[in-house]
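Understanding the architecture of this molecule
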Amino acid sequence: MLTPQGLKGKQYRVTGNAYPRLGRPPKKSRKVIAALAALLALALIGLGGVQLYDIFRGRNGNASAQACADPSGKPLAAPTPGATPGTSGAPAAAVDPHAVPAPTAVTVNVYNATTKAGLAGRTADELKKRGFVIGKVGNAPAELDKKVPGTAQVIAGPTGAAAGTLVSSQIAGAAVTADARTDASVDFVIGDSYNALLDETQAAAALALATKPSPAPSATGSC
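Quick caveat, the model's predicted, so the values are computed rather than measured.

Overview of the overall build of the protein chain
Counting its regular elements, the protein chain contains 5 helices and 6 strands. When the helices and strands of the protein chain are placed in sequence order, the string is α-α-β-β-α-β-β-α-β-β-α. In the protein chain, which comprises 223 residues, the proportion classed as buried is 27%. Considering only intrachain contacts with a sequence separation of at least 6, the fraction spanning at least 24 residues in the protein chain is 67%.

Pasting the structure below:
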């Protein structure tokens, strides 16, 4: 005679291949299981809420830094003010708008890199009327002759960066590059697309735009 658990003290004789059916587990066990399941569900909901909070708060700040990095993983450098995309040579140095000199303090060498005769002389005369000091006037050196496809190429050394910005503002689309000269003179090399200088009002607006300070990069802004 056997008294299996859950049969409430009743005794049954086990014969043949038939076995008594056990009763349901006690109600107390069912309550414990249900409580554990409820706690597990609450934990999962809480974990999901924390992850969503982190996403919306931007807690993973490295994402924006990685988005602004080159393939090597290094942050991208900010563009250099005064540099003209697509031009050869080193870009001109950043210019402090308060350091831009008056035309009377800038010596400009005017060179003609086109096949049109007389452009260097006429342009030099116009620049002189605007107060610039004229240096050399003539054909462009061999390395630039007939090799300036745009309106002009303005070249200055490190000490003449601000003067180069002033000269480049006199013509639309001028490429500004730097060389290793030690003085503050500026070369104005006339290119194939040159027609004329901007009028003085347009030149003043171009200078204001060229010397406008760049806005500080935002930590959450795009690249």
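What follows continues from the structure just given.
Focus: helix 4 (residues 161-168)
It helps to recall that an α-helix has 3.6 residues per turn; residues three or four apart then point in one direction. A large share of helix 4 lies buried, amounting to 8 of its 8 residues. Three or more residues of helix 4 are buried, namely Ala 161, Ala 162, Ala 163, Gly 164, Thr 165, Leu 166, Val 167 and Ser 168. Looking at the buried side of helix 4, the elements it contacts are strand 2 (107-112), strand 4 (152-156), strand 5 (175-178), strand 6 (186-190) and helix 5 (200-210).

What to know about the nonpolar core
With 23 residues, the main nonpolar core has Val 106, Val 108, Val 167 and Phe 188 as its most contacted residues. Counting residues per element, the ones that place at least two in this core are strand 2, helix 3 (119-129), strand 4, helix 4 and strand 6. Looking at this core element by element, the count peaks at 4 residues for helix 3. What Val 167 contacts, discounting residues up to four positions off in sequence, is Val 106, Val 108, Phe 132, Val 154, Val 186 and Phe 188. If you look at the next biggest cluster of nonpolar residues, it comprises 7 residues, including Ala 113, Ala 140, Val 148 and Val 189.

What about a nonpolar patch on the surface?
Together, Val 32, Leu 36, Leu 39 and Leu 42 give the surface a local cluster of nonpolar side chains, amounting to about 410 Å² of exposed area. One can find Val 32 in helix 1 (residues 27-57). Judged by its relative accessible area of 45%, Val 32 is partly exposed.

Topic: the pattern of salt bridges
Evaluated as defined, the whole model comprises 4 salt bridges. Measuring nitrogen to oxygen at the nearest pair gives 3.1 Å for the salt bridge that ties Asp 145 to Lys 146. Note that Asp 187 is salt-bridged to Arg 181, the shortest N-O span being 2.7 Å. When its relative accessible area of 12% is taken as the criterion, Asp 187 is described as buried. Overlapping salt bridges bring together Asp 179, Arg 181 and Asp 187 as one network.

What to know about the environment of Thr 104
Within the secondary structure, Thr 104 sits in the loop between strand 1 (90-91) and strand 2. Judged by its relative accessible area of 59%, Thr 104 is exposed. Counting along the chain gives 30 residues from Thr 104 to Ile 134, while the straight-line C-alpha distance between them is 9.7 Å. Excluding residues that lie within four positions of it along the chain, Thr 104 makes contacts with Gly 131 and Val 133.

Quick word on the confidence of the model for the protein chain
Counting all residues, the mean pLDDT for the protein chain is 76, and 58% of those residues have values of 70 or more. Below pLDDT 50 for its whole length, residues 59-88 participates in 27 contacts with residues either more than four positions away or in separate chains.

Here is what the cut-offs are and how they apply
- Residues numbered from 1 in each chain as written.
- Predicted model: local features only at pLDDT ≥ 70, side-chain atom pairs only at ≥ 80, totals over all residues.
- Heavy atoms only, no water.
- Helix = DSSP H or I, 4+ residues; strand = E, 2+ residues; numbered from the N terminus.
- Buried < 20%, exposed > 50% of the residue type's maximum accessible area, 1.4 Å probe, protein only.
- Contact = heavy atoms within 4.5 Å.
- Core = buried A, V, L, I, M, F, W, Y, C linked by side-chain atoms within 4.5 Å.
- Patch = residues over 30% accessible without salt bridge, like charges linked within 9 Å, V, L, I, M, F, W, Y side chains within 5 Å.
- Areas by Shrake-Rupley, 256 points an atom, 1.4 Å probe, with all protein chains shown as cover.
- Salt bridge = Lys/Arg side-chain N within 4 Å of Asp/Glu carboxyl O.
- pLDDT = per-residue confidence, 0-100.

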